[in-house]
Amino acid sequence: MHARAALFDLYGDHLRRRGGEASVAALVRLMKPLEIAAPAVRTAVSRMVRQGWLRPVRLPQGPGYGLTPKCVRRLDEAAVRIYRAGTPPWAGRWHVVVLEPVRERPRRERLRADLTFLGYAALSETTWIGPRHSSELDALLEGEGVRADRFEAALDGDPRELVARAWDLDAIGEAYEQWLAEAVTLISTLPGSAPDDQVFAARSRLVHGWRNFLFRDPGLPGELLPAGWPGEKARAYFEQEAARLLPAATAFVDRELP
């Protein structure tokens, strides 16, 4: 795990509900079980500040960093998809985004990466669809200075055919199967009497691996997925083990935070 990704996971999984702030010293202590050294933590924090994810704060314990509104939106959006927190039933309509042409290649690549993260897929260079509206979309387009027309639309045709064309479900399904095999190995090697810091590290790696699916899986409605979708078995295992390991991981975080 890279320091920046581990910090995103830490803020999203533990610090968000604790006020979203922590001292630099606490961040260094919390990253230690993941074998991430203090210089890497400080470098990652500085980068996240430059990118607008974190903001410096003065805490009683010393200098620290808190979440920006941009980061709060990102973490909350991610939590909905990671933990199925409040995901509404699908109404059979797609969110369609038609972008104005973007000439600069770096902006196009950023837009493509960010829209994919938010659950959209490209039907053409400028037309994207998602199973639901993302609360981050407006901020993304504003930040890139890109105009877009947005629609809620019902497909005149077979939505399964559209899904198969827009997303590579075979590749996503294979990724779920690989993740599940690696997750079972990770958890099965964790001793039953493992100390809290070791449990925290194992759970952090479990969550980190699962969070990576935000970049691949848009969270399609179950009725549009193939029978026996590997993502369901993988999700059941993730939710079971993430919940089982949470008390010990939480105890470690509580102890390291002042």
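Residues numbered from 1 in each chain as written. Predicted model: local features only at pLDDT ≥ 70, side-chain atom pairs only at ≥ 80, totals over all residues. Heavy atoms only, no water.

Draft legend 1. Fine view of the pattern of salt bridges. Tallied over the entire structure, the rule returns 16 salt bridges. Note that glutamate 109 and arginine 105 form a salt bridge whose closest N and O atoms lie 2.9 Å from each other. Residue glutamate 109 and its partner arginine 105 are located together in helix H5 (residues 105-117), separated by four residues, close to a single helical turn. On the basis of relative accessibility, which here comes to 46%, the residue glutamate 109 falls in the partly exposed class. (Salt bridge = Lys/Arg side-chain N within 4 Å of Asp/Glu carboxyl O. Helix = DSSP H or I, 4+ residues; strand = E, 2+ residues; numbered from the N terminus. Buried < 20%, exposed > 50% of the residue type's maximum accessible area, 1.4 Å probe, protein only.)

Draft legend 2. Spatial organisation of helix H10 (residues 230-256). Between the first and last C-alpha of H10 there are 37 Å, a value that for 27 residues agrees with the 39 Å anticipated at 1.5 Å per step. Within H10, the axis deviates most sharply at leucine 246, by approximately 45°, and proline proline 247 lies no more than four positions further along. (Expected span 1.5 Å × (residues − 1). Bend = angle between axes of the 7 residues up to and from the residue.)

Draft legend 3. Examining the environment of leucine 118 more closely. Take leucine 118: it is sitting in the loop between H5 and strand E5 (121-122). Sequence-distant contacts of leucine 118, that is, excluding residues within four places in its chain, are made with Arg74, Glu77, Arg81, Ser134, Glu136, Leu137 and Leu140. (Contact = heavy atoms within 4.5 Å.)

Draft legend 4. The arrangement of the UniProt feature "domain: Transcriptional repressor PaaX-like N-terminal" (unreviewed entry) in the protein in detail. Taken from the UniProt record, the annotation "domain: Transcriptional repressor PaaX-like N-terminal" (unreviewed entry) applies to residues 3-68. For residues 3-68, the helix share is 52%, the strand share is 23%, and the end-to-end C-alpha distance is 19 Å. (UniProt positions renumbered as here; feature names shortened; annotations may be inferred.)

Draft legend 5. Molecular detail of the packing of aromatic side chains. Inspection of the entire model under this criterion finds 12 aromatic pairs. Between the aromatic rings of tyrosine 176 and tryptophan 210, the centroid separation amounts to 5.6 Å while the plane-to-plane angle is 45°, which identifies the pairing as tilted. Here the residue tyrosine 176 occupies a position in helix H8 (residues 169-188), and tryptophan 210 occupies one in helix H9 (residues 196-211), the gap between them amounting to 34 residues. Looking at tyrosine 176, the relative accessible area reads 4%, which means it is buried. Following the ring pairs from residue to residue traces out a cluster consisting of Tyr176, Trp179, Trp210, Phe213, Trp229 and Phe238. Sitting over the face of the ring of tryptophan 53, lysine 70 holds its NZ or CZ atom 4.2 Å from the ring centroid. (Phe/Tyr/Trp six-rings, centres within 6.5 Å; stacked < 30°, edge-to-face > 60°. Lys NZ or Arg CZ within 6 Å of the ring centre and 35° of its normal.)

Draft legend 6. The pairing of strand E4 (residues 94-99), seen in detail. Burial analysis of E4 places five of its six residues in the buried class, which makes it a mostly covered element. Pairing of E4 with strand E7 (residues 148-153) involves six bridges; the strand directions are antiparallel. Bridge pairing links valine 96 to phenylalanine 151 in E7. As paired elements, E4 and strand E6 (residues 127-130) share four bridges and run antiparallel to each other. Looking at E6, one finds that valine 98 is bridged to threonine 127. (Pairing = 2+ DSSP bridges.)

Draft legend 7. View of the layout of surface pockets. Approximately 740 Å³ is the volume found for the largest pocket. Lining the largest pocket are 26 residues; nearest its centre among them are Arg4, Phe8, Trp53, Arg74 and Asp114. For the lining of the largest pocket, the secondary structure elements donating two or more residues are helix H1 (3-15), helix H4 (69-83), H5, helix H6 (137-144) and H9. No other element matches the five residues that H4 contributes to the lining of the largest pocket. Split by residue class, the lining of the largest pocket holds 12 nonpolar, four polar and 10 charged. (1 Å grid on protein atoms, 1.4 Å probe; cavity = no way out; pocket = protein on both sides within 12 Å on 5 of 7 lines; lining within 4 Å. Points joined across faces, edges and corners; volume = space filled by probe spheres on them. Nonpolar A, V, L, I, M, F, W, Y, C, P; charged D, E, K, R; others polar.)

Draft legend 8. The packing of H1 against helix H3 (residues 38-50), seen in detail. Two elements in contact, H1 and H3, have axes separated by 8 Å at closest approach and are oriented at 75°. Put simply, H1 runs roughly perpendicular to H3. Between H1, through Ala3, Arg4, Leu7 and Phe8, and H3, the contact on the second element is made entirely by Ala40, Val41, Ala44, Val45, Arg47 and Met48. (Axes fitted to C-alpha atoms, helices over the stretch in contact; angles between N-to-C directions. Parallel < 35°, antiparallel > 145°, perpendicular 65-115°, else oblique.)

Draft legend 9. Representation of a negative patch on the surface in the model. A surface patch of like charges, here negative, comprises Asp168, Asp170, Glu174 and Glu177. Relative to the assigned elements, aspartate 168 resides in the loop between helix H7 (159-166) and H8. (Patch = residues over 30% accessible without salt bridge, like charges linked within 9 Å, V, L, I, M, F, W, Y side chains within 5 Å. Areas by Shrake-Rupley, 256 points an atom, 1.4 Å probe, with all protein chains shown as cover. Lys, Arg positive; Asp, Glu negative; His and termini not counted. Charge placed at Lys NZ, Arg CZ, Asp CG, Glu CD.)

Draft legend 10. Broad picture of the nonpolar core. Membership of the largest hydrophobic core comes to 50 residues, with the highest contact counts inside it found for Trp94, Leu99, Trp167, Leu169, Trp179, Trp210 and Phe238. Residues in contact with tryptophan 179, not counting those within four places in the same chain, are Leu206, Gly209, Trp210, Phe213, Ala234, Tyr237 and Phe238. Listed in part, the 32 residues of the second largest apolar core include Ala6, Val24, Leu27 and Leu67. (Core = buried A, V, L, I, M, F, W, Y, C linked by side-chain atoms within 4.5 Å.)

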